Amino acid sequence: MRDVSPRDIAIQFLARREYSRAELATRMGAKGVESDEIHRTLDQLAEDGLQSDARFAEVFVRSRIARGQGPVRIRVDLGQRGVDEPLMTLAFEAESPDWQSLACQALAKRFDGPGATPRERAKRERFLAGRGFEFDHVRHAMTHAWREES
């Protein structure tokens, strides 16, 4: 079996999906690649346009919006993957979703109505908060989710 270069290892990961630089560094380290070699390889991949944190952030935001997640959760998840704030902002601007509408869709998909009791309404609010929607989005969805459903 031939030795696999650090570049080949990184490209094998990138062939499956986009990765942030930090994620690739972690995965390459787990494969036994030395730290200095990881950084050199990732610098070269970025220079060649094969790895981009900006592109990763855009793909990530788009996929999480499609899953019905809100901006708070998406930002936390991007941060955990090593994406810095300016790139997050650019990714959100590229998608420019209507968060209130997305909150309404997520709520209407999960629940039949706003709930008859305060306990049921609180359960719906917690659901949206857990999905990463902000307070204003939750309030809007609680009053409009079932009206907008077609």
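Scroll up to find the structure.
Residues numbered from 1 in each chain as written. Predicted model: local features only at pLDDT ≥ 70, side-chain atom pairs only at ≥ 80, totals over all residues. Heavy atoms only, no water.

(A) How the structure looks around the packing of helix H5 (residues 71-80) against helix H6 (residues 85-95). Look at H5 against H6: their axes get within 10 Å of each other, and the N-to-C directions meet at 140 degrees. Looking at the two axes, H5 sits oblique to H6. For the element pair H5 and H6, the recorded crossing hand is right-handed. Facing Pro71, Ile74, Arg75, Leu78 and Gly79 of H5, the residues of H6 in contact are Glu85, Met88, Thr89 and Phe92. Among the residues forming the contact of H5 with H6, the class breakdown is five nonpolar, two polar and two charged. (Axes fitted to C-alpha atoms, helices over the stretch in contact; angles between N-to-C directions. Helix = DSSP H or I, 4+ residues; strand = E, 2+ residues; numbered from the N terminus. Parallel < 35°, antiparallel > 145°, perpendicular 65-115°, else oblique. Left-handed = near helix turned anticlockwise from the far one by under 90°. Contact = heavy atoms within 4.5 Å. Nonpolar A, V, L, I, M, F, W, Y, C, P; charged D, E, K, R; others polar.)

(B) Examining the packing of aromatic side chains more closely. Applying the stated rule across the entire model yields four aromatic pairs. Considering the side-chain rings of phenylalanine 56 and phenylalanine 60, the 5.5 Å spacing of their centres and the 35 degrees angle between planes classify their relative orientation as tilted. Here phenylalanine 56 and its partner phenylalanine 60 are both found in helix H4 (residues 53-66), four residues apart, which amounts to about one turn of the helix. We classify phenylalanine 56 as buried; its relative accessible area is 3%. You can call phenylalanine 60 buried: its relative accessible area is 7%. (Phe/Tyr/Trp six-rings, centres within 6.5 Å; stacked < 30°, edge-to-face > 60°. Buried < 20%, exposed > 50% of the residue type's maximum accessible area, 1.4 Å probe, protein only.)

(C) Examining the environment of arginine 55 more closely. Mapped onto the elements, arginine 55 comes out in helix H4. A relative accessible area of 30% places arginine 55 in the partly exposed class. Discounting chain neighbours no more than four positions away, the residues touching arginine 55 are Glu18, Gly49 and Leu50. A polar side-chain atom of arginine 55 sits 3.2 Å from the main-chain carbonyl oxygen of glycine 49. (Polar contact = N/O pair within 3.5 Å; in protein donor to acceptor, adjacent residues only side chain to side chain.)

(D) View of the packing of helix H2 (residues 21-30) against helix H3 (residues 35-47). Between H2 and H3, the shortest axis-to-axis distance is 10 Å and the interhelical angle comes to 140 degrees. Classed by the angle they form, the pair H2 and H3 counts as oblique. Considering only the axes of H2 and H3, their crossing is right-handed. Where H2 approaches H3, its residues Arg21, Leu24, Ala25, Met28 and Gly29 are matched on the opposing element by Ile38, His39, Thr41, Leu42 and Asp43. Residue composition of the contact of H2 with H3, grouped by class: five nonpolar, three polar and two charged.

(E) Molecular detail of the nonpolar core. Counting 27 residues, the largest nonpolar core has Val61, Ile74, Leu78, Trp99, Leu107, Leu128 and Phe133 as the members making the most contacts within it. Of all the elements in the fold, those that place two or more residues in this core are H4, H5, H6, helix H7 (99-110), helix H8 (118-130) and helix H9 (135-148). Ranked by residue count, the leading element in this core is H7, at seven residues. Among residues more than four places away in sequence, those in contact with leucine 107 are Arg124, Phe127, Leu128, Ala141, Met142, Ala145 and Trp146. Residues Ala10, Leu14, Tyr19 and Leu24 belong to the second largest nonpolar core, which totals eleven residues. (Core = buried A, V, L, I, M, F, W, Y, C linked by side-chain atoms within 4.5 Å.)

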